[in-house]
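Next come the chains, spelled out residue by residue.
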Amino acid sequence: MAEEVVLLDFWPSMFGVRVRIVLVEKGIEYEYREEDLRNKSSLLLQMNPVHKQIPVLIQNGKPVCESSIIVQYIDEVWHDKAPLLPSDPYQRAQARFWVDFIDKKLYNPSRRIWSTKGEELEAAKKEFIEVLKVLEEQLKDKPFFGGETFGYVDVCLIGYYCWFYAYETFGNFSIEAECPQIIAWAKRCTQKESVSKSLPDGKKVFGFVQELRKKFVVD
Amino acid sequence: MSKGGEIVLLDCWVSPFCIRVKIALAEKGVEYETRAEEDLFGDKSDLLLTSNPIHKKVPVLLHNGKPLCESTIIVNYIDETWPSPPLLPTSTYNRAQARFWADFIDKKVFDAGHNIWASKGVVPETAKKDFIEILKQLEGALGEKDFFGGDSFGFLDIILIPLTSWFYTIEKFGGFEVKEVCPKISAWMNRCMERETVAKVLPDPEKVYEFAIMIRKMLGIE
């Protein structure tokens, strides 16, 4: 499909990563545009006036916003290659439920792990691990959340993996010790080209978070 | 037993999220059984706790015993399982837009309203301003169309209209009227209320107001 596809993104974003992975999975050529979130481009503000956030997918000048919606959109338009959502409506509803769960429950405690101290930090770690344990139970002994193949839920969760080193270092805990199956799953995902090409390096993310902390936390 | 199998809805009359599901099922002409969860603040039924162990909330739709949770996801499921008449737009791009606005509504409307009707003491001006701003953004999405999807009542109308049963309550506490600050939304509400599928299931706004008063007393906000 010879259409112009542009992605407005920010390299450490676990939400932007979702879209990058799917674009590689589907073999779609696109232009990547890095946004400085402290100085948002007029294009970003024009394409996402409601939330003013990345990622934004622009196809032939028309924007699609919100990462999980973008992923579903790409899956529907480029439906003949590497399908991500299940074809059965009930399984599809279950996949959407788990992505909704991830979106509602994981971001907030994960953010508090690197931006708080003391009791607040301990509470954030506890909450974060609880959420991962629920997801681990969902995974059970399947290779991926989607079953035998990498799918929608896997795409939407794996972006957090490159932040794990930062969480573990600032939170002083081991995610693998608490949730070994999640780590095994994540490593399995990184063996896929779409993931290894799209996930930023965990140490680089750590460096980025270190800079962010200077604004939020007094060390 | 309906043509599509056994359908049970775990429900609460005042929940706008449950109402979404009821409207969607009615639009599709699907018969279902309702089981009222009366005591959402105390003892939730075993069926609710086993069907929705993660969130323990209504609505839950049980289709041949298999549970579906989260109202927007349930409405999507209903549309895909009973395709006629279609609720979501047929174009992929318009579907993404509809999902975007449903997500916006889910993230913003109920909480902004809650900040007004569950406010302790004087309602902050910022709370009123935020709520009205959200409605104005939705007015922008509606534009000059009769319904959010165009000429026909559809997915996004179903996602928003149940929340409007709380507008009377929000207006009383906020000291403003939606028909004055957002006339297009008000006109759209009236258009939706002309549909039997909506009018039959939307609760009486006065009853919602009484419910809100009771909640405020329970939470000690009086």
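A quick note: this is a predicted structure, and the numbers were derived from the prediction, not measured.

Enquirer: Help me out: how do you make sense of unusual backbone geometry in this one?
Expert: Leaving glycine out, the prevailing phi sign among residues is negative, and the prevailing peptide bond configuration is trans. In this structure, the amide linkage connecting Ile54 of chain A to the following residue, Pro55 of chain A, adopts the cis form with an omega of -5°. The residue Pro55 of chain A is located in the loop between α2 (42-47) and β3 (56-59) in this model. Following Ser84 of chain B, the chain continues into Pro85 of chain B via a peptide bond in cis, with omega recorded as -10°. With respect to the element layout, Pro85 of chain B can be found in the loop between α3 (71-81) and α4 (92-117). The phi angle at Asn60 of chain A is positive, at roughly 50°, despite the residue not being glycine. Topologically, Asn60 of chain A is positioned in the loop between β3 and β4 (62-65). Asn60 of chain A gets classed as partly exposed once you look at its relative accessible area, which sits at 47%. With a phi close to 75°, Glu66 of chain A is a non-glycine residue in the positive phi region. The buried category is assigned to Glu66 of chain A, whose relative accessible area is 15%.

Enquirer: What's the story with the packing of helix α3 (residues 67-77) of chain A against α4 of chain B in this structure? I'm lost.
Expert: To describe two helices that pack against each other, one gives the angle between their axes and the distance between the axes. Their axes nearest at 10 Å, the elements α3 of chain A and α4 of chain B cross at an angle of 165°. With respect to α4 of chain B, the element α3 of chain A is oriented roughly antiparallel. In the packing of α3 of chain A onto α4 of chain B, the handedness of the crossing is right-handed. From α3 of chain A, Ile69, Gln72, Tyr73, Glu76 and Val77 of chain A reach across to α4 of chain B, where they touch Thr92, Tyr93, Arg95, Ala96, Arg99, Phe100 and Asp103 of chain B. Across the contact of α3 of chain A with α4 of chain B, the residue classes tally to six nonpolar, two polar and four charged.

Enquirer: What should I look at first to understand the pattern of salt bridges in this one?
Expert: Opposite charge on two side chains lets them pair, provided their charged atoms get close. Applying the stated criterion across every chain, the model contains 31 salt bridges over all chains. For Lys26 of chain A, the salt bridge goes to Asp75 of chain A, with nearest N and O atoms at 2.7 Å. Residue Lys26 of chain A is located in the loop between α1 (14-25) and β2 (31-34), and its partner Asp75 of chain A is located in helix α3; the two are separated by 49 residues in the primary sequence. Summarising the burial analysis for this pair, Lys26 of chain A and Asp75 of chain A share the class buried. With a shortest N-O distance of 3.5 Å, Lys126 of chain A and Glu130 of chain A are connected by a salt bridge. Highlighted residues: Lys126 of chain A and Glu130 of chain A, both in helix α6 (residues 118-139), separated by four residues, approximately one helical turn. Residue classification places Lys126 of chain A among the exposed residues on the basis of a relative accessible area of 57%. You can call Glu130 of chain A partly exposed: its relative accessible area is 44%. Overlapping salt bridges, with partners in common, bring together Glu66 of chain A together with Asp103 and Lys107 of chain B in one network.

Enquirer: So what exactly am I meant to see when it comes to the UniProt feature "domain: GST C-terminal" (unreviewed entry) in chain A here?
Expert: With numbering matched to this structure, UniProt assigns "domain: GST C-terminal" (unreviewed entry) to residues 88-216 of chain A. As annotated, residues 88-216 of chain A comprises 77% helix and 0% strand, and the C-alpha atoms at either end are separated by 45 Å.

Enquirer: Whenever I open this one, the UniProt feature "domain: GST C-terminal" (unreviewed entry) in chain B confuses me. Can you help?
Expert: Look at the UniProt record and you will see "domain: GST C-terminal" (unreviewed entry) annotated at residues 91-211 of chain B. When the span residues 91-211 of chain B is considered, its composition is 69% helix and 0% strand, and the gap between its end C-alpha atoms is 40 Å.

Enquirer: Which parts of the structure should I look at to understand the domain arrangement of chain A?
Expert: Interfaces are often described in size by the accessible area the parts lose on coming together. Residues and elements named next belong to chain A. Split by domain assignment, chain A resolves into domain 1 (5-77) and domain 2 (89-213). Domain 1 and domain 2 are separated by 21 Å when their C-alpha centres are compared. Between domain 1 and domain 2, the residue contacts involve 15 residues of the former and 24 residues of the latter. Carbon and sulfur atoms make up 70% of the surface buried where domain 1 meets domain 2, a total of about 1800 Å² over both sides. One can count two salt bridges joining domain 1 with domain 2. The partner of Lys192 in a salt bridge is Glu25, with the nearest N and O atoms 3.7 Å apart. Scanning the region where domain 1 abuts domain 2 turns up seven residue pairs in polar contact (both at pLDDT 80 or more). Of all the elements in the fold, those that place two or more residues in the side of domain 1 that touches domain 2 are α1 and α3. Sorting elements by how many residues they give to the side of domain 1 that touches domain 2 places α1 first, with nine residues.

Enquirer: I'm lost on the packing of helix α5 (residues 107-115) of chain A against α6 of chain A in this one. Help?
Expert: All names here are of chain A. The contact between α5 and α6 brings their axes to 8 Å, and the two run at 145°. Relative to α6, α5 is oriented so that their crossing is left-handed. Along its contact with α5, which presents Pro109, Ser110, Arg112 and Ile113, the element α6 presents Leu121, Ala123, Ala124, Lys125, Glu127 and Phe128. The class makeup of the residues in the contact of α5 with α6 is six nonpolar, one polar and three charged.

About the criteria used
- Residues numbered from 1 in each chain as written.
- Chains lettered and ligands numbered in written order.
- Predicted model: local features only at pLDDT ≥ 70, side-chain atom pairs only at ≥ 80, totals over all residues.
- Heavy atoms only, no water.
- Helix = DSSP H or I, 4+ residues; strand = E, 2+ residues; numbered from the N terminus.
- Buried < 20%, exposed > 50% of the residue type's maximum accessible area, 1.4 Å probe, protein only.
- Axes fitted to C-alpha atoms, helices over the stretch in contact; angles between N-to-C directions.
- Parallel < 35°, antiparallel > 145°, perpendicular 65-115°, else oblique.
- Left-handed = near helix turned anticlockwise from the far one by under 90°.
- Contact = heavy atoms within 4.5 Å.
- Nonpolar A, V, L, I, M, F, W, Y, C, P; charged D, E, K, R; others polar.
- Salt bridge = Lys/Arg side-chain N within 4 Å of Asp/Glu carboxyl O.
- UniProt positions renumbered as here; feature names shortened; annotations may be inferred.
- Domains from an automatic or database assignment.
- Buried area = accessible area lost by both parts, 1.4 Å probe.
- Polar contact = N/O pair within 3.5 Å; in protein donor to acceptor, adjacent residues only side chain to side chain.

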